[in-house]
Amino acid sequence: MASRSRTLYEKIWDSHVVERRDDGTCLIYIDRHLVHEVTSPQAFEGLRAAGRRVRRPDLTLAVPDHNLPTAARVDGAGRPLPIADAESAEQLAALARNTAEFGIDYIDALAPEQGIVHVVGPELGFTLPGTTLVCGDSHTSAHGALGALAFGIGTSEVEHVLATQTLLLTPSKTMEVRVDGSLGFGVTAKDVILSIIGRIGAAGGTGHVFEFTGSVIRALSIEGRLTVANMSIEGGARAGLIAPDETTFAYLQGRPMAPTGAEWDQAVAWWRTLASDAGAAYDARVVLDATDIAPALTWGTSPEDVVSITGSVPDPASFSDPSKQAAARKSLDYMGLTAGTRMQDVAVQHVFIGSCTNSRIEDLRAAASVASGRRVADGVRALVVPGSGLVKRQAEAEGLDRIFTSAGFEWREPGCSMCLAMNPDKVPPGERCASTSNRNFVGRQGPGARTHLVSPAMAAAAAVTGRLADVRDLMEEAL
Amino acid sequence: MQPVSAVSGQAYPWGAKNVDTDVIIPAHWLKTISRAGLGRGAFETVRAVPGNIFDDERYAGSPILIAGDNFGCGSSREHAAWALGDMGVKAVIAPSFSDIFSGNAFKNGIVTVVLPQEAIDRLIAVAGEGQPITVDLETMTVTTPYQDRFAFALDSFRRRCLTEGLDEIGLTLARDTQIAQFESAMAEHRPWTEKRSGYAGGVVEGRRAS
Ligand code: SF4
């Protein structure tokens, strides 16, 4: 059948339509479902109340991450340690109970594969190109890095997927986000996505699915692509896609849940057809040039509040929109910052290297290369939290843990940790954190906590200097 | 789900933009395994400030909330919709909503009404005087006692689910034959999406710094 030019998004969508309604809404088949402890208990409760079963337990994978403390999980004799917070313990126990009752694969807190859902899915090969993948978590957009149509859903939708393996969806609009050129010295995937969000705004992608294209995206590793796609949601888009290519196939081949043998070849052949056709139309397009992207960070309480590390805290009066002016004044008040202050003069008390945005092996390597031979500044607490047990094991095999601990960083067990104030890792009120996570919202890292989003290398630079620092200065020093 | 055909009453004339779900319900309230009782945590950080709109006696218990652009952005937590419902909010009116939030709200019988900023400004003025506002799903309008009449759009499926109180899972389960057909086609054409060999033995390699 001769068909019109289609985007990657349209191809994945079209290949998952179970039924199309007259109003354009489609019943879409869901290939992969990740479950964690926070957004699933009420869904299982709903199934039980209605006497429903899980249609395809084999397509679902559960792993605890949000609540789990990142302190040691076993005592000296290898016995599991209890979780002090009773509500967290109950929520974690509910996940174990529910997955056993409904026959769902469950990676428990002590398994070497445990980690943040969005780190675990790709590294096990659970996430595959051309699949539809959902999770009750907005950063599910991360999996789009592998060319999966992946997005966050609410708990009622979790229940709907568990019961029917489908979702009723209206097609999104598409936005091409193209980044041309090649990245400068010291500039990383995190700086790319922060710069994109700074450009289009936190609501810039609302109603759209991003497709990241251009030479900068092509040159990124899968780890870097995951960082970019992860924060699509901070630009308002529910999902962000990157067309699968040789980098993707090389990353996936041999992963435990990836196809093998003849099926692998068959899969790769189909995956190759998924890239957007020449001439396919997007509903919107934004183009960035890599030469305009410097190491970036946030100054305010929205991920769109982005500035270069060589810049200063903006003057609220400099925004043309009066409501943005008011929001900026409120942000600066919350952040304890004065307009005009150089970002590099801002002192930090906390550094968090972790989260589903930046806790993979390359992130830890980048941070370790800055930390190596230096010391965490006085008065700074710095945490390194690997995204999964497998990342942790790999990092330890490379000696990264010793680089961190001898520099005065804490080396923790995998989990969401200080990304959100749900487990014991919190930033105290009024204190400031350079964080590799994805949200600088009011109270996100703890009530009254002040967050600056940065790349792993920039976070390490902040840890060793005690302030928001330009990592390029430290990298040059090391040359 | 209870059918809703109209929401009528006082409104919180708030208008704040980019209200994220961490503001609607902070993360430490998410450690629950039930849907009920989250109203106590709703807007906790806003309410910590004296003179806030949610503790203003004039608006207490309002069924309508008026907000600014991008309401419900951030985390996908459905707890935000449960918290709003638990505090008695049945409709939110804003110039735009995050996609995930409006889906969650709808599934809990909370109507999200998109109106242009001018209409929002007018409704904030009306609600600020303590006058009632009506969101009508039959006529698809928002009206005030001053003859203001703002038409809004809502997709027909959502509207029907809301007005008839339909259970979406039940509706989809009725399509079992179609779903099963899709699954057999998948097994034939994309067999690799069917199977998984288990998760043990994973490694992470990553790219080396050059
Ligand atoms: S690391 Fe943070 S953003 Fe990622 S899943 Fe966990 S809480 Fe969500």
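1. A short note on the overall build of chain B
Piece 1. Helix and strand counts for chain B stand at eight helices and eight strands.
Piece 2. Since a compact globule built from 210 residues should have a radius of gyration of about 17 Å, the 21 Å found for chain B marks it as more spread out than a globular shape.
Piece 3. Taking the principal axes of the C-alpha coordinates as reference, chain B spans close to 65 × 45 × 35 Å.
Piece 4. Counting across all 210 residues of chain B, residues that qualify as buried make up 54%.
Piece 5. In chain B, the proportion of contacts linking residues at least 24 apart, taken out of those at least 6 apart, comes to 65%.
Piece 6. Taking the 20 positively charged and 25 negatively charged side chains of chain B as two groups, their mean positions are separated by 5 Å.

2. What to know about the pairing of strand E16 (residues 381–384) of chain A
Residue and element names in this part refer to chain A.
Piece 1. Both strand E15 (residues 350–353) and E16 contribute to a ladder of four bridges, which runs parallel. Paired with histidine 350 across the bridge in E16 is arginine 381.
Piece 2. Relative to strand E17 (residues 410–411), E16 runs parallel, the two being bridged by two bridges. Of the residues in E17, the one forming a bridge with valine 384 is tryptophan 411.

3. Focus on the site of the ligand
Residues and elements named next belong to chain A.
Piece 1. The full set of residues close to the ligand is His66, Ile116, His118, Asp137, His139, Ser355, Cys356, Cys416, Cys419, Leu420, Asn438 and Arg444.
Piece 2. Structurally, the ligand is housed in the largest cavity.
Piece 3. For the shell around the ligand, the class distribution of residues is five nonpolar, five polar and two charged.

4. As for the nonpolar core
Piece 1. In this structure, Val351, Phe404 and Phe409 of chain A together with Phe43, Phe71 and Leu84 of chain B are the most contacted members of the largest nonpolar core, which totals 101 residues.
Piece 2. Broken down by element, this core gets its largest block of residues, eight residues, from helix H15 (residues 456–465) of chain A.
Piece 3. In this view, phenylalanine 71 of chain B contacts Trp14, Val19, Ile24, Leu65, Leu84, Val92, Ala94, Ser96, Phe97, Ser98 and Phe101 of chain B; residues no more than four positions away in its chain are not counted.
Piece 4. Core analysis: the second largest hydrophobic core is formed by 50 residues, Ile12, Ile30, Ala62 and Ala243 of chain A among them.

5. What to know about the packing of helix H12 (residues 361–371) of chain A against helix H14 (residues 400–407) of chain A
Residue and element names in this part refer to chain A.
Piece 1. Contact pair H12 / H14: the axes reach a minimum separation of 9 Å and the direction vectors enclose 40 degrees. In terms of axis orientation, H12 runs oblique to H14. As for how H12 packs across H14, the hand of that crossing is left-handed. Within the contact between the two elements, H12 uses Ile361, Leu364, Arg365, Ala367, Ala368 and Ala371 and H14 uses Leu400, Ile403, Phe404 and Ala407.
Piece 2. For the contact of H12 with H14, the class distribution of residues is nine nonpolar, no polar and one charged.

6. Here we look at the side chain of arginine 73 of chain A
All names here are of chain A.
Piece 1. Its place among the elements puts arginine 73 in the loop between strand E4 (60–62) and helix H3 (86–102).
Piece 2. There is no salt bridge for the buried arginine 73, and the closest opposite charge comes from glutamate 413, which lies 4.6 Å off by N-O distance.
Piece 3. Polar side-chain contacts of arginine 73 include one of 2.9 Å to the side chain of glutamine 114.
Piece 4. What arginine 73 contacts, discounting residues up to four positions off in sequence, is Leu68, Arg79, Pro80, Leu81, Ala109, Leu110, Gln114, Glu413 and Pro414.

7. Let's talk about the interface of chain B and chain A
Piece 1. At the interface, 63 residues of chain B touch 92 residues of chain A.
Piece 2. Interface area for chain B against chain A, summed over the two sides, is near 6600 Å², with a carbon-plus-sulfur share of 52%.
Piece 3. Where chain B touches chain A, the interface holds ten salt bridges.
Piece 4. For the salt bridge of arginine 175 of chain B with glutamate 19 of chain A, the shortest nitrogen-to-oxygen distance reads 2.5 Å.
Piece 5. Our count for the contact surface shared by chain B and chain A stands at 27 residue pairs in polar contact (both at pLDDT 80 or more).
Piece 6. Listing elements by their share of the side of chain B that touches chain A, those giving two or more residues are helix H3 (79–86), helix H4 (99–107), helix H6 (156–164), helix H7 (168–173) and helix H8 (176–189) of chain B.
Piece 7. Looking at the side of chain B that touches chain A, the element that brings in the most residues is H8 of chain B, giving eight residues.

8. Digging into empty space enclosed by the protein
Piece 1. Following the criterion strictly, the structure yields two cavities of 30 Å³ or more and no others.
Piece 2. Size it by volume and the largest cavity reaches roughly 200 Å³.
Piece 3. Around the largest cavity, the lining is made up of 24 residues, and of these His66, Asp137, His139, Leu420 and Arg444 of chain A lie nearest the centre.
Piece 4. When the residues that make up the lining of the largest cavity are grouped by side-chain class, the tally is eight nonpolar, eleven polar and five charged.
Piece 5. The calculated volume of the second largest cavity comes to roughly 50 Å³.
Piece 6. Around the second largest cavity, the lining residues are Val119, Glu123, Glu223, Tyr251, Arg255, Arg360 and Ile361 of chain A together with Val204, Glu205 and Gly206 of chain B.
Piece 7. A class-by-class count of the residues in the lining of the second largest cavity yields four nonpolar, one polar and five charged.

9. Some thoughts on the side chain of asparagine 440 of chain A
Residue and element names in this part refer to chain A.
Piece 1. Note that asparagine 440 resides in the loop between strand E18 (432–435) and strand E19 (450–453).
Piece 2. Given the relative accessible area of 0%, asparagine 440 is considered buried.
Piece 3. Of note is the side chain of asparagine 440, whose polar atom sits 3.3 Å from the side chain of threonine 298.

10. Comments concerning the domain arrangement of chain B
Piece 1. Here chain B is described as being made up of domain 1 (6–165) and domain 2 (167–198).
Piece 2. Put simply, the middle of domain 1 of chain B and the middle of domain 2 of chain B, counted by C-alpha atoms, are 36 Å apart.

11. With respect to the packing of aromatic side chains
Piece 1. Under the defined criterion, the tally for this structure stands at 18 aromatic pairs over all chains.
Piece 2. Pairing phenylalanine 404 of chain A with phenylalanine 409 of chain A gives two aromatic rings, centres 5.3 Å apart and planes at 70 degrees, and the pair type is edge-to-face.
Piece 3. Accessibility expressed as a relative area gives 0% for phenylalanine 404 of chain A, which makes it buried.
Piece 4. We classify phenylalanine 409 of chain A as buried; its relative accessible area is 4%.
Piece 5. For the pair tryptophan 14 of chain B and phenylalanine 54 of chain B, a centre-to-centre distance of 5.1 Å together with 75 degrees between the ring planes defines the contact as edge-to-face. Of this pair, tryptophan 14 of chain B sits in the loop between strand E2 (11–13) and helix H1 (21–24) while phenylalanine 54 of chain B is found in the loop between helix H2 (44–47) and strand E3 (64–66), placing the two residues 40 residues apart along the sequence.
Piece 6. Among the residues examined, phenylalanine 54 of chain B registers a relative accessible area of 3% and is labelled buried.
Piece 7. Taken together, the ring pairs connect Phe249, Trp264, Trp270 and Trp271 of chain A together with Trp192 of chain B into an aromatic cluster.
Piece 8. Taking the ring centre of tyrosine 251 of chain A as reference, the NZ or CZ of arginine 255 of chain A above it sits at 3.9 Å.
Piece 9. Positioned above the aromatic ring of phenylalanine 319 of chain A, the side-chain terminus of lysine 324 of chain A is 5.4 Å from the ring centre.

Rules of the game
- Residues numbered from 1 in each chain as written.
- Chains lettered and ligands numbered in written order.
- Predicted model: local features only at pLDDT ≥ 70, side-chain atom pairs only at ≥ 80, totals over all residues.
- Heavy atoms only, no water.
- Helix = DSSP H or I, 4+ residues; strand = E, 2+ residues; numbered from the N terminus.
- Rg over C-alpha atoms; globule rule 2.2 N^0.38 Å.
- Buried < 20%, exposed > 50% of the residue type's maximum accessible area, 1.4 Å probe, protein only.
- Contact = heavy atoms within 4.5 Å.
- Lys, Arg positive; Asp, Glu negative; His and termini not counted.
- Charge placed at Lys NZ, Arg CZ, Asp CG, Glu CD.
- Pairing = 2+ DSSP bridges.
- Near = heavy atom within 4 Å.
- 1 Å grid on protein atoms, 1.4 Å probe; cavity = no way out; pocket = protein on both sides within 12 Å on 5 of 7 lines; lining within 4 Å.
- Sits in = over half its atoms within 2 Å of the grid points.
- Nonpolar A, V, L, I, M, F, W, Y, C, P; charged D, E, K, R; others polar.
- Core = buried A, V, L, I, M, F, W, Y, C linked by side-chain atoms within 4.5 Å.
- Axes fitted to C-alpha atoms, helices over the stretch in contact; angles between N-to-C directions.
- Parallel < 35°, antiparallel > 145°, perpendicular 65-115°, else oblique.
- Left-handed = near helix turned anticlockwise from the far one by under 90°.
- Salt bridge = Lys/Arg side-chain N within 4 Å of Asp/Glu carboxyl O.
- Polar contact = N/O pair within 3.5 Å; in protein donor to acceptor, adjacent residues only side chain to side chain.
- Buried area = accessible area lost by both parts, 1.4 Å probe.
- Points joined across faces, edges and corners; volume = space filled by probe spheres on them.
- Domains from an automatic or database assignment.
- Phe/Tyr/Trp six-rings, centres within 6.5 Å; stacked < 30°, edge-to-face > 60°.
- Lys NZ or Arg CZ within 6 Å of the ring centre and 35° of its normal.

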